[in-house]
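# A closer look at the structure
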2 protein chains.
Amino acid sequence: MIPTQSELESLTNEFQTELFERVLPFWMEYSPDYQYGGYFNCLDRDGSLYDSTKHVWLQARQVWMFSKLYNDHKADLQWLEMAGWGMDFLTKYARRADNRVYFSLTRNGEPIYLQRKMFSECFYIMALAQYSKASGEHLENEIKDMFKTIWELAFVPGATGRPVMPGNMIEQTLAVPMILLNVIEEIADDNKSFYDSEIHYCIQAISKHLIDGKMYENLVKDGSQSETSASRLLSPGHAIEAGWFLQHWALELQDSALLETSANIIRNAFHQGWDNEFEGLFYFIDADGKSPTQLEWDMKLWWPHCEAMYGFLLNYATFGLREDWELFLKVKAYAFEHFSDPKNGEWYGYLNRQGRLTHSFKGGPYKGCFHVPRALYYCYNVLKRL
Amino acid sequence: MIPTQSELESLTNEFQTELFERVLPFWMEYSPDYQYGGYFNCLDRDGSLYDSTKHVWLQARQVWMFSKLYNDHKADLQWLEMAGWGMDFLTKYARRADNRVYFSLTRNGEPIYLQRKMFSECFYIMALAQYSKASGEHLENEIKDMFKTIWELAFVPGATGRPVMPGNMIEQTLAVPMILLNVIEEIADDNKSFYDSEIHYCIQAISKHLIDGKMYENLVKDGSQSETSASRLLSPGHAIEAGWFLQHWALELQDSALLETSANIIRNAFHQGWDNEFEGLFYFIDADGKSPTQLEWDMKLWWPHCEAMYGFLLNYATFGLREDWELFLKVKAYAFEHFSDPKNGEWYGYLNRQGRLTHSFKGGPYKGCFHVPRALYYCYNVLKRL
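Residues numbered from 1 in each chain as written. Chains lettered and ligands numbered in written order. Predicted model: local features only at pLDDT ≥ 70, side-chain atom pairs only at ≥ 80, totals over all residues. Heavy atoms only, no water.

## Points about the overall build of chain A
Applied cut-off: Put simply, DSSP H or I for four residues or longer makes a helix, DSSP E for two residues or longer makes a strand, and each gets a number counted from the N terminus. The atom set for the radius of gyration is the C-alpha atoms, and the globule formula is 2.2 Å times the number of residues raised to the power 0.38. Any two residues having at least one pair of non-hydrogen atoms within 4.5 Å are treated as being in contact.
Of regular secondary structure, chain A possesses twelve helices and 13 strands. The C-alpha atoms of chain A give 20 Å as radius of gyration, which agrees with the globular expectation for 386 residues (21 Å, within 12%). Considering only C-alpha atoms, chain A reaches an extent of 55 × 50 × 40 Å along its principal axes. Summarising the internal contacts of chain A: among those between residues at least 6 apart in sequence, 65% fall at separations of at least 24.

Have a look at this one:
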């Protein structure tokens, strides 16, 4: 085997320390809002609050994370309590009678914004599924009902409230089948056959984005990939995440062709997206090498590195290839060196292309208790297994 | 006088060359879409097309720019023709029967996206006003009718289609009264008394954003400026632009208190927003020095430097102070050195904090034939006058 036993042990310990001593305690200590419920998710480097807005994606993902940890270990009642703290707030304030879920709430739960998208609903249902398992509630029907809403929001044109325009050539965004596949992984649990057709539909839908080894963010109607920036957009971290979502299902379904495809998605996206000049994964690139229009395209964000770290470790666990192991180590080294903050806990989120920190906060409108602990936890589990 | 006559002459020539030999020819040569009408606005450094989407803000602003040049000089029929080329496309495809104006269109004019904002409508009316003056059409009633729509979109809650949410504490964004004031400057022309109450309303509305020398982007309902990032957001270039919009009106209305205020807005915003470590104006900052959440906050964009260049020159023309002249020269030097492209024409738009180019294009979804030629033209006119 390529890593020696002692190498594996030392890595396992490193991930364990990072997760249980540096990352989770940050959220345990600073995030609960004991006055109004839920979590503060806009926390500066030292845990101090800089914005009391409660972003629902991150409230729900934190519920999911702590529920997951509790469900796997049942060790720590604090985790269950922490999850319940957020679930209670979400149930009270985030979800409307029609199953739509707000994007953001004030500190005391008043709605600020509803996106014309279905991601809040997806993170909500994932929280609900893990939490109900942890708390022992039987919410199967509620979850099925919510999933029905989500499926409609995803595929009925205009259902999210965004008008359908004849000139909009984007037929499908990668994010939609991806998150649905991840949602099903969370809610199906021991009832996977119930979602059989949806699972296969999502796998097919994701596969359509894969053209000549590139995972395109947007599928356009006439099949042309060149007329607009949107049609050429690649997001390497996102593609890598799609890769491991697919690999989980390939393992579950024992589909060896899909297993191979999923591993190659991770490898190809990494090589397309790695910055050979300054290291790190670009946030966005243009498939034809043109200038992306996103202002932040060349920044190095924490989450693509989280996805890549786990993606390559999963690849290695599945195939045992040296290249995957080495790329796991490479990404892990970059991520720990640039994002980790042993002093204050949690990770920083944003670097410029050259690797210099641009934002001091640990939690923000799109960063919370999720990508870092999820990746560390998933990696830790694989490392223990190896 | 601080600048010598020869200094002034040399600067005037420099601005003339930049505008008439490098910037305008770029758009004359590469932007017209002779097949479907309108302009290509997504143009790479050498003028090559990378996206055929027609962004209405930029279509309308280019119409405005060429109409303005033609109206001031009547010298070049090509300018009128160029303006008509865009106006024709806009009239055909951008405006709906209810006066709403799309944000983006396909190459052949099909609607892609309608924002739940009123900026497309504002740029459309500015184009219409300048162009009708150039073409000799009498569209006074149409313009008044359109302005009525814009005013409603600006001030009737929910009129843009964005639902009103009880938790949304933002009462007013600076952009709204600013753009309205600029719109009135364009459409009122020789009938300013007609818009008298709107002019004063907008000036008052902008003034509310000015608290302790800082121009806040968002006014929040309870007056608190500390609970959310949005309530502490400053955009130095935007504040400077507000400063010169106000100064135009202060000169027009012969309001010396407003004149003084407007000049100080420009000076304060510059000092708050200038990056003393790497030079250039930050895109966004937090009024209390916390970490902004916008990923692009520390980037150096072309347009804040365009606004600052003209803002300080206008200040100098009004007050004759050495500090304003020196800051004009400082910003002008940074802008010409970093953004100008004498080889291919037009300016680049985006640099990282350190001043390194991050995007190769000259035109994109938010950059077109507008900020650069407007600033160069306004500066050129002031320099000639001095």
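Moving on from the coordinates now.
## Let's talk about the confidence of the model for chain A
Definition in use: Confidence of the prediction at every residue is given by pLDDT, a number between 0 and 100.
Mean pLDDT over chain A works out to 96, with 99% of the residues at or above the 70 mark. What the predictor reports for the complex is a pTM of 0.97 with an ipTM of 0.95.

## Comments concerning helix H9 (residues 256–273) of chain B
Residues and elements named next belong to chain B. Rule in force here: Expected span of a helix: the number of residues minus one, times 1.5 Å. Relative accessibility thresholds used throughout: buried, under 20% of the residue-type maximum; exposed, over 50%; partly exposed, between the two (1.4 Å probe, protein chains only). Polar contacts, as counted here, are pairs of nitrogen or oxygen atoms within 3.5 Å of one another; within protein the pair requires one atom able to donate a hydrogen and one able to accept it, and residues that are adjacent in sequence qualify only if both atoms are side-chain atoms.
Spanning 18 residues, H9 covers 26 Å between terminal C-alpha atoms, matching the ideal 26 Å at 1.5 Å per step. Here H9 has its buried residues at Leu258, Leu259, Ser262, Ala263, Ile265, Ile266, Arg267, Ala269, Phe270 and Gly273. Two to three positions downstream of the cap, the backbone nitrogen of Ala257 sits 3.2 Å from a side-chain oxygen, assigning the N-cap of H9 to Asp255.

## So, the interface of chain A and chain B
Selection rule: Here the quantity called buried area is the total loss of accessible area, with a 1.4 Å probe, experienced by two parts when brought into contact, counted for both. A pair is scored as a salt bridge if a Lys or Arg side-chain nitrogen falls within 4 Å of a carboxyl oxygen belonging to Asp or Glu.
Counting residues at the interface gives 47 residues for chain A, matched by 49 residues for chain B. Taken over both partners, the interface formed by chain A and chain B buries close to 3600 Å², and the fraction arising from carbon and sulfur atoms is 51%. It is Tyr50(A), Met165(A) and Leu295(A) in chain A that bury the most area against chain B; as a group they hold 17% of the surface buried on that side. The interface formed by chain A and chain B contains two salt bridges. Ionic pairing is found between Glu277(B) and Arg356(A), a salt bridge with its closest N-O pair at 3.5 Å.

## Quick word on unusual backbone geometry
Residue and element names in this part refer to chain A. In the Ramachandran plot, Asp212 falls in the positive-phi region, its phi being about 50° despite a non-glycine side chain. Position of Asp212 relative to the elements: it lies in the loop between strand S7 (210–211) and strand S8 (214–215). Taking relative accessible area as the criterion, Asp212 reaches 76% and is therefore assigned exposed.

## What about the packing of aromatic side chains?
Selection criterion: Centre distance within 6.5 Å is the pairing criterion for rings of Phe, Tyr and Trp, where only the six-membered ring of Trp is used; planes under 30 degrees apart are then read as stacked, over 60 as edge-to-face, and the remainder as tilted. Cation placement over rings: the criterion is NZ of Lys or CZ of Arg within 6 Å of the ring centroid and within 35° of the ring normal.
For the structure shown, the criterion picks out 80 aromatic pairs over all chains. Between Tyr34(A) and Trp85(A), the ring centres sit 5.4 Å apart and the planes meet at 55°, which makes this aromatic pair tilted. Here Tyr34(A), found in the loop between helix H1 (5–30) and strand S1 (42–43), pairs with Trp85(A), found in helix H3 (residues 77–93); they are 51 residues apart in sequence, far enough to count as distant. Under the relative-accessibility criterion, Tyr34(A) is labelled exposed at 62%. Look at Tyr334(B) and Phe339(B): their rings are 6.3 Å apart centre to centre, the planes differ by 70°, and that puts the pair in the edge-to-face class. The class of Tyr334(B) is buried, set by a relative accessible area of 3%. Among the aromatic residues, ring-to-ring pairing joins Phe15(A), Phe270(A), Trp274(A), Phe312(A), Tyr316(A), Trp325(A), Phe328(A), Tyr334(A), Phe336(A), Phe339(A) and Trp347(A) into one connected group. Directly above the ring of Phe194(A) sits Lys144(A), whose terminal nitrogen or CZ lies 4.2 Å from the centroid. One residue, Lys332(A), lies across the ring of Phe336(A), its end atom 4.6 Å from the ring centre.

## What to know about the side chain of His209(B)
All names here are of chain B. Along the polypeptide, His209 turns up in the loop between helix H7 (196–208) and strand S7 (210–211). Residue classification places His209 among the buried residues on the basis of a relative accessible area of 0%. With residues near it in sequence (within four places) discarded, His209 still touches Gln172, Thr173, Leu174, Lys214, Met215, Tyr216, Glu217, Asn218 and Leu219.

## Examining the nonpolar core
Operational definition: Side-chain atoms within 4.5 Å are what join buried Ala, Val, Leu, Ile, Met, Phe, Trp, Tyr and Cys residues into a set we call a nonpolar core.
The biggest cluster of nonpolar side chains holds 135 residues, and the ones touching the most others in it are Phe15(B), Phe66(B), Met118(B), Met309(B) and Trp347(B). Every residue in contact with Met309(B), bar those within four places of it in the chain, is listed here: Phe15(B), Phe328(B), Val331(B), Lys332(B), Ala335(B), Phe336(B), Trp347(B), Ala375(B), Leu376(B) and Cys379(B). In this structure, Val56(A), Ile206(A), Leu301(A) and Leu351(A) belong to the second largest nonpolar core, which totals 134 residues.

## Some details on the packing of H7(B) against helix H8 (residues 236–253) of chain B
Residue and element names in this part refer to chain B. Here is the rule we go by: Axes here mean lines fitted to C-alpha atoms, for a helix over just the part in contact, with angles spanning 0 to 180 degrees between N-to-C directions. Should an angle fall under 35 degrees it is taken as roughly parallel, and over 145 as roughly antiparallel, whereas 65 to 115 is taken as roughly perpendicular and any remaining angle as oblique. The sense of a crossing depends on the near helix, which, turned anticlockwise from the far helix by less than a right angle, makes the crossing left-handed and, turned clockwise, makes it right-handed. Basically, the charged four are Asp, Glu, Lys and Arg, the nonpolar ten are Ala, Val, Leu, Ile, Met, Phe, Trp, Tyr, Cys and Pro, and anything else, Gly included, counts as polar.
One way to put it is that H7 packs onto H8 with a least axis distance of 12 Å and a crossing angle of 135°. When the axes of H7 and H8 are compared, the pair comes out oblique. Where H7 crosses over H8, the two elements pack in a sense that is left-handed. Between H7 and H8, the residues in contact are Ile199, His200, Ile203 and Ile206 and Leu246, Trp249 and Leu253, respectively. Class assignment for the residues of the contact of H7 with H8 results in six nonpolar, one polar and no charged.

## What about the pattern of salt bridges?
A side chain of one charge can pair with a side chain of the opposite charge if their charged atoms are brought near each other. Residue and element names in this part refer to chain A. Under the definition given, this model contains 44 salt bridges over all chains. Among the salt bridges present, the one from Asp33 reaches Arg107, with a minimum N-O distance of 2.9 Å. Of this pair, Asp33 sits in the loop between H1 and S1 while Arg107 sits in the loop between strand S4 (104–105) and strand S5 (111–113), and the two are 74 residues apart along the sequence. A relative accessible area of 1% places Asp33 in the buried class.

## Looking at the sheet that holds strand S3 (residues 54–55) of chain A
Residues and elements named next belong to chain A. How we decide: Two strands form a pair only when DSSP identifies at least two bridges running between them.
If you walk across this open sheet you meet the three strands as S3-S4-S5, and the pairing is antiparallel. Every other strand in the sheet has two partners, leaving S3 and S5 as the edge strands with one partner each. Judged from the two bridges that link them, S4 and S5 form a sheet pairing that is antiparallel. In the strand pairing of S5, Leu105 is matched with Pro111.

## Considerations on the environment of Phe284(A)
Residue and element names in this part refer to chain A. The topology assignment puts Phe284 in the loop between helix H9 (256–273) and strand S11 (285–286). For the pair Phe284 and Glu227, spaced 57 residues apart in the sequence, the C-alpha separation amounts to 18 Å. Sequence-distant contacts of Phe284, that is, excluding residues within four places in its chain, are made with Leu233, Leu234, Ser235, Pro236, Pro292, Gln294, Glu296 and Trp297.

## Some remarks on the relation of the copies chain A and chain B
Basically, it comes down to this: Copies are brought into register by a least-squares superposition over C-alpha atoms of residues with pLDDT of at least 70 in both.
Overlaying chain A on chain B yields an RMSD of 0.0 Å, the required transformation being a rotation through 180° with an accompanying axial translation of 0.0 Å. Such a turn and shift between the copies fits a two-fold axis. Measuring from the rotation axis to each C-alpha of chain A, the shortest distance belongs to Glu296(A), at 3.0 Å. When the interface residues of chain A are mapped onto chain B, 100% of them again lie at the interface, so the same face is used by both copies.

## Looking at the sheet that holds strand S3 (residues 54–55) of chain B
Residues and elements named next belong to chain B. Taken in spatial order, the three strands line up as S3-S4-S5 in an open sheet, and their pairing is antiparallel. Edge positions in the sheet fall to S3 and strand S5 (111–113), since each has one partner strand and no second. Relative to strand S4 (residues 104–105), S3 runs antiparallel, the two sharing two bridges. Paired with His55 across the strands is Ser104, a residue of S4.

## A closer look at the side chain of His359(A)
Among the secondary structure elements, His359(A) is positioned in the loop between strand S13 (350–351) and helix H12 (371–385). A residue is classified by how much of its surface remains accessible, and His359(A), at 1% relative accessible area, is buried. At 2.7 Å, the side chain of His359(A) and the side chain of Thr358(A) are in polar contact. There is a polar contact of 2.8 Å between the side chain of His359(A) and the backbone oxygen of Gln294(B). In this structure His359(A) touches Met299(A), Tyr348(A), Tyr350(A), Ser291(B), Pro292(B), Thr293(B), Gln294(B), Leu295(B) and Trp297(B), once residues within four positions along its chain are discounted.

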